[in-house]
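Report on the structure
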Amino acid sequence: MVQENNPIQEIFNRIAPVYDQLNDGLSLGQHRIWKKMAVAWSGAKPGDTALDLCCGSGDLALLLAQQVGEPGQVFGVDFSSCQLEIAQHRPRPFTIPTAKISWIEADVLRLPFSDNTFDCATMGYGLRNVVDIPRSLEELHRVLKPGAKAAILDFHRPPGSLLRTFQQWYLQQFVVRTAERFGFREEYAYINPSLDQFPIGTEQVQLAQQAGFSTATHYPIASGMMGVLVITKAN
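Rules behind the numbers
- Residues numbered from 1 in each chain as written.
- Predicted model: local features only at pLDDT ≥ 70, side-chain atom pairs only at ≥ 80, totals over all residues.
- Heavy atoms only, no water.
- UniProt positions renumbered as here; feature names shortened; annotations may be inferred.
- Salt bridge = Lys/Arg side-chain N within 4 Å of Asp/Glu carboxyl O.
- Helix = DSSP H or I, 4+ residues; strand = E, 2+ residues; numbered from the N terminus.
- Buried < 20%, exposed > 50% of the residue type's maximum accessible area, 1.4 Å probe, protein only.
- Pairing = 2+ DSSP bridges.
- Right-handed = clockwise from strand over helix to strand, strands pointing away.

Per an unreviewed UniProt entry, the chain is named 2-phytyl-1,4-naphtoquinone methyltransferase, and its organism is Planktothrix rubescens CCAP 1459/22. The UniProt entry for the chain carries this comment under Sequence similarities (unreviewed entry): "Belongs to the class I-like SAM-binding methyltransferase superfamily. MenG/UbiE family." According to the UniProt record, the Pathway (unreviewed entry) comment for the chain is "Cofactor biosynthesis; phylloquinone biosynthesis."

In structure tokens:
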């Protein structure tokens, strides 16, 4: 089931046509490196059944498909039908056989999967946008197999006021102004205020532990302006 009338869902539906282009430009291509790091931290291996939550236009799901290979399977889940439509029709940039990908429109707070289904999982820029972070982590814990890992990539408030000031300036003066040229000022202006409410790394670790994960580590990247939360379900 997908949440109706969710303002964040509406944002991602609207920006779907330019989402990839803007991500490349706004991160100077660095987001592709960060996503590869997240896939590596997820522990995905050949033959795995993998899950990509808040899959958007499919970057992480495609990387997972390459990693788990033809014997494996990938499920990309998002609440934006427009993003999923783009993901479904993206060309695969691989010459070797890759896993089948199933694209599913669903709410990450109510995943349509049985307990203990997945060998690994990723989430890119999704945790900050869910309406209930603890519940989303509990759902992720439920559908992972014992011993499985997940890697969650997202923006992060960096330590120290100087870096945070730079981050705010970059988001406002570069990200928002660039998005404005495409007619999406308001859709990207929400990032800065959302960061003020988003749990920092140590808080994410605590929330993951409360959701039942046996280990949780938050890795700051990009001078602490990004981060990857790596979590493991107990055997």
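Observations regarding the pattern of salt bridges
For the coordinates displayed, the defined rule picks out eleven salt bridges. The partner of Asp59 in a salt bridge is Arg32, and the shortest N-O contact between them spans 3.6 Å. Of this pair, Asp59 sits in helix H4 (residues 59-68) while Arg32 is found in helix H3 (residues 30-42), placing the two residues 27 residues apart along the sequence. Since its relative accessible area comes to 32%, Arg32 is described here as partly exposed. The salt bridge involving Lys35 is made with Asp59; its shortest N-O contact spans 2.8 Å. Of the two residues, Lys35 sits in helix H3 while Asp59 sits in helix H4, which places them 24 residues apart along the sequence. Note on accessibility: Lys35 and Asp59 belong to one class, buried. In the salt-bridge network here, residues are joined through shared partners; they are Arg32, Lys35, Asp59 and Arg90.

Some details on the pairing of strand S2 (residues 73-78)
Burial analysis of S2 places five of its six residues in the buried class, the great majority of the element. Sheet topology places strand S1 (residues 49-53) next to S2; five bridges connect them, and they run parallel. Across the sheet, the residue bridging to Leu51 is Phe75, located in S2. Between the parallel elements S1 and S2, the chain passes through H4 in a crossover that is right-handed. Where S2 lies against strand S3 (residues 100-105), six bridges are found, and the strand directions are parallel.

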